[in-house]
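# Observations on the three-dimensional arrangement
Now for the letters of each chain:
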Amino acid sequence: MKAISLVLLFVLCSISLTAQPANTKAVSQTPSAGASSSQASASAPASRRITAYTLPPDLYQKARHLNRMRFVYRIFSFFYALFVLWLILQARWSARFRDWAERVSRFRILQALIFTALFAITFALLQLPFDILEEWVAKLYHISVQTWPSWAGDWAKGQVLLIVVGGVLVWILYAVIRRSPRHWWFYFWLISLPILLFLFFISPFVIEPMFNQFEPLASKDPQLIPLLERVTRQAGEEIPPQRMFWMKASDKTNFTNAYVTGFGASKRIVIWDTTIAKETPDEVIVDFGHEMGHYVLGHIWKGLLFSAALFLALIYAGYRSIDWLLSCCGTRWHIRSLDDWASLPALLLILTVFGSAAAVAENTFSRYQEHQADVYAMEVTHGIIPDPGQAAAHDFELAGEIGLSDPDPNPINVFLFFDHPPIPDRILFFVTYNPWIQGRKPQFVN
Ligand SMILES: [Zn+2]
């Protein structure tokens, strides 16, 4: 997760939560992805029995190299975000953006939108060279196949979304700060929760289709539906085919994936077209079983509650520290007081620092849920396909080859940044989990 801070992080969280929630394979470990078909076919023949995650020597070297770079890049990104926020304050751009916003309109909502737009665009432009570098590396390693115009379009849409949603949240935040200087952190948290939920709810209808094309799975791959319905029946959970979707990912990536998104009436399972193209039906069923796990075990709700609790702690920490920062440097930065728009980057600076700890907690919780979904996948497909463990192992070995997953990831990297367990651990689990012959009770599905 990129270290941008709260209102930003919060908006991004809600968007990225909705964009890539509870997916099968860590997208953050493997940004988008896609090996050339020659790499994909380098995966072992389906008959080979997998006992551990291995890579051919050339891919092994590439994977080690790339993942070392990714680790360094993540650490760098955090400090770079802090630097950019500091620069915006120190150069008094923030104060200037406030002056412009106040000059253009006397309406607070317009001021909030103008200030947020100027600030967000400045931040994004200073970040842009590194975003481009990241995408360039993904292309270099045959991980992304997206064209630059398409990539730029996604980038621009992301910025517009951030400015609109962020602008409204900033307007609310400063309205609350002005009315309640001592308890704004609590009221803002309270007000933002239904907004987050609303965004999460409409995301499958409004936000996700802005970036990718979706079709009902039944119209794209009708043969798959009866197979998947065997899994939902085994789970004792009715997921009608209208809630199963196909997503076109192949114009951006060769990586395979599936995810659960939305809640209530918008809750659905999405399978990427790359998954259907590259995986055997047994492997798709295992992926689907993993998503069913998230669905049945209520991971979306639990994840939202966990994030909401973390957000409260984070914003309280921000409230406790912001006075100190403003009394030290506010005059130099031409910030009048906390209720001045210009204080936003200062608040975000503090939230970014505390947010790094929150992100680690969030990742740890996510890895736990992902493991539960893996257990669920093994149990719910048991008896439906001949060997779920081997199907999953083949599936993840292929994903590891395409996304160049590290065969031996640095434990600090895993602890800080991985939102899914590392692929070697997951494959080891798949090939050894067998409570049925070990005389133990399955954990979730009987
Ligand atoms: Zn998952």
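Let me sum up the structure you'll find in this document.

Analysis parameters
- Residues numbered from 1 in each chain as written.
- Predicted model: local features only at pLDDT ≥ 70, side-chain atom pairs only at ≥ 80, totals over all residues.
- Axes fitted to C-alpha atoms, helices over the stretch in contact; angles between N-to-C directions.
- Helix = DSSP H or I, 4+ residues; strand = E, 2+ residues; numbered from the N terminus.
- Left-handed = near helix turned anticlockwise from the far one by under 90°.
- Contact = placed C-beta atoms within 7 Å.
- Nonpolar A, V, L, I, M, F, W, Y, C, P; charged D, E, K, R; others polar.
- Buried ≥ 20, exposed ≤ 12 C-beta atoms within 10 Å, placed from the backbone.
- Pairing = 2+ DSSP bridges.

Moving on, we get to the packing of helix α7 (residues 184-202) against helix α13 (residues 299-329). Two elements in contact, α7 and α13, have axes separated by 10 Å at closest approach and are oriented at 150°. α13 is crossed by α7, and the crossing has right-handed handedness. Here W185, F188, W189, L193 and F200 of α7 lie close against α13, whose contacting residues are L304, A308, F311, L312, I315, Y316, G318 and Y319. Residues that form the contact of α7 with α13 fall into these classes: 12 nonpolar, 1 polar and no charged.

Let us look at the environment of L85. With respect to the secondary-structure elements, L85 resides in helix α3 (residues 57-90). Look at L85 and you get buried, because 26 C-beta atoms sit within 10 Å. Each C-alpha atom of the pair L85 and A346 lies 7.3 Å from the other, and the pair is 261 residues apart in sequence.

In this structure, I385 sits in the loop between α14 (344-381) and α15 (388-403). Residue classification places I385 among the buried residues on the basis of 20 C-beta atoms within 10 Å. In sequence terms I385 and V231 are 154 residues apart; their C-alpha atoms lie 9.8 Å from each other. In this structure, I385 is in contact with D282, I285 and A391, ignoring residues within four places of it in sequence.

Strand order across the open sheet formed by 4 strands is β1-β2-β4-β3, with mixed pairing between neighbours. Of all the strands in the sheet, the pair left with one neighbour each is β1 (213-216) and β3 (258-261). If you compare each strand with its neighbour and ignore which way they point, the axes differ by 30° on average. Of the pairings in the sheet, the one linking strand β2 (residues 244-248) to strand β4 (residues 268-272) comprises 4 bridges and is parallel in character. When the sheet's bridge partners are listed, F245 is paired in β4 with V270. Sitting on the sheet, helix α12 (residues 281-296) is in contact with β3 and β4, with an inclination near 20° to β3.

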